[in-house]
Structure formats: structure tokens, C-alpha cells
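The residues making up each chain are set out below.
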Amino acid sequence: MERLKQRWKLESISQVIIVLIVFACTGFTVLGIKKPILQFLAGENGNTTLASILYYIFILPLYNVILLGYGFLLGQFTFFWEFEKRSVGRIISAFRKTKK
């Protein structure tokens, strides 16, 4: 816990626990909405290859929004906003790299 506190630059162990709870709640929420989203994308089948590909494309931004929502509800919005900015920055920089 102390390592996470230092790595994430948090002020207390309770803040680390709240951050971990936010990640857990976000994961469970994404897991819970997977089946309805797949059914929406693929109809009654609910599990076609195309629907799965579309799900993974749509779930990344949705996951980020849910993460920020839970972070806001549990009082850690600033931490998760900074976390999101770093994550998006890494994704963008990965696409900017060109092969020589």
C-alpha cells in the first residue's frame, strides 16, 4: 500500500484504498454492461466477431468516462483526471512514433 501511495503521489493509505475501490467498481461495471452492449450490437446472438471488435473499440472511452464518474463520486476526481491525461498522452505518443 505504501508503494502505491508513493507511486501515485497520494497523501494517505485511505486515499489508496479509495482509488483501488474506484478501479474495482469500474471493472465490475464494464463487466456488467458487456452482455447488454454485445446484444445491442449483434442482436439476439450477442456474441459475433464484429460485435466483439466493436465492443472493444467502444469500451475504452466508455471505461474512461465510468472511471472519472466513480472517481468523482468517491472524491478522487483530480487523481483520475490526471491519470486519464497521462494515459491518453501515452496512447497518442504511441501513434505519433514513426518507423524508420
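Everything numeric in this text was worked out from a predicted model, so none of it was measured. (Residues numbered from 1 in each chain as written. Predicted model: local features only at pLDDT ≥ 70, side-chain atom pairs only at ≥ 80, totals over all residues. Heavy atoms only, no water.)

**Quick notes on helix H4 (residues 77–96)**
Note on helix geometry: an α-helix contains 3.6 residues per turn, so any two residues three or four positions apart are oriented the same way. Applied cut-off: Numbering goes from the N terminus for both helices and strands, where a helix is a DSSP run of H or I of at least four residues and a strand is a run of E of at least two. Working rule for helices: expected span equals 1.5 Å times residues minus one. Relative accessibility thresholds used throughout: buried, under 20% of the residue-type maximum; exposed, over 50%; partly exposed, between the two (1.4 Å probe, protein chains only). Directions from the helix axis toward the C-beta atoms define the arc. The contact definition used throughout considers only heavy atoms, calling two residues in contact when any of these lie within 4.5 Å.
In this model H4 runs 28 Å from its N-terminal to its C-terminal C-alpha over 20 residues, within 8% of the 28 Å that 1.5 Å per residue would give. Within the sequence span of H4, burial applies to Phe79, Phe80, Glu84 and Ser87. For H4, the angular spread of the buried residues around the axis is 130°, confining them to a single face. Opposite its buried face, H4 presents the exposed residues Thr78 and Arg96, each directed more than 90 degrees away. Looking at the buried positions of H4, the neighbouring elements they touch are helix H2 (13–42) and helix H3 (49–73).

**What to know about the nonpolar core**
The following threshold applies: As used here, the term nonpolar core means buried Ala, Val, Leu, Ile, Met, Phe, Trp, Tyr and Cys residues forming a set that is joined through side-chain atoms within 4.5 Å.
Core analysis: the biggest nonpolar cluster contains 10 residues, these being Trp8, Leu10, Val16, Val19, Val22, Phe23, Leu67, Leu68, Phe79 and Phe80. Put simply, the parts of the chain that give this core at least two residues each are H2, H3 and H4. Ranked by residue count, the leading element in this core is H2, at four residues. In contact with Val19, not counting residues within four places along its chain, are Trp8, Leu10, Gln76, Phe79 and Phe80. Formed by seven residues, the second largest nonpolar core is a distinct cluster that contains Ala51, Tyr55, Ile59 and Ile66.

**Observations regarding the packing of aromatic side chains**
Inclusion rule: Planes of paired rings set the category: under 30 degrees apart is stacked, over 60 is edge-to-face and the rest tilted, where pairs are Phe, Tyr or Trp rings (Trp by its six-membered ring) whose centres lie within 6.5 Å.
Scanning all chains against the criterion turns up 10 aromatic pairs. Note on Phe23 and Phe83: the rings are 5.4 Å apart at their centroids and 70° apart in plane angle, and the pair reads as edge-to-face. One end of the pair, Phe23, is in helix H2; the other, Phe83, is in helix H4, and 60 residues separate them in sequence. Accessibility expressed as a relative area gives 21% for Phe83, which makes it partly exposed. With centroids separated by 6.4 Å and ring planes inclined at 70°, the aromatic side chains of Phe80 and Phe83 adopt a geometry described as edge-to-face.

**Quick look at unusual backbone geometry**
Here Lys9, not a glycine, exhibits a phi torsion of approximately 55°, which is positive. Here Lys9 is to be found in the loop between helix H1 (2–7) and H2. Given a relative accessible area of 74%, Lys9 falls into the exposed group.

**Some details on the side chain of Gln15**
To keep things clear, this is the line we draw: Contacts described as polar in this section are N or O atom pairs within 3.5 Å, which, within protein, must combine one atom able to donate a hydrogen with one able to accept it, while residues neighboring in sequence count only if both atoms come from side chains.
Looking at the secondary structure, you find Gln15 in helix H2. Judged by relative accessible area, Gln15 falls into the buried class, the value being 17%. From its side chain, Gln15 meets the backbone nitrogen of Glu11 in a polar contact 2.8 Å long. A polar contact of 3.1 Å, which involves the side chain of Gln15, links it to the side chain of Gln76. When residues no more than four places from it in sequence are discounted, the contact partners of Gln15 are Leu10 and Gln76.

So, to be careful, I would describe these as geometric facts and stop short of saying anything about function.
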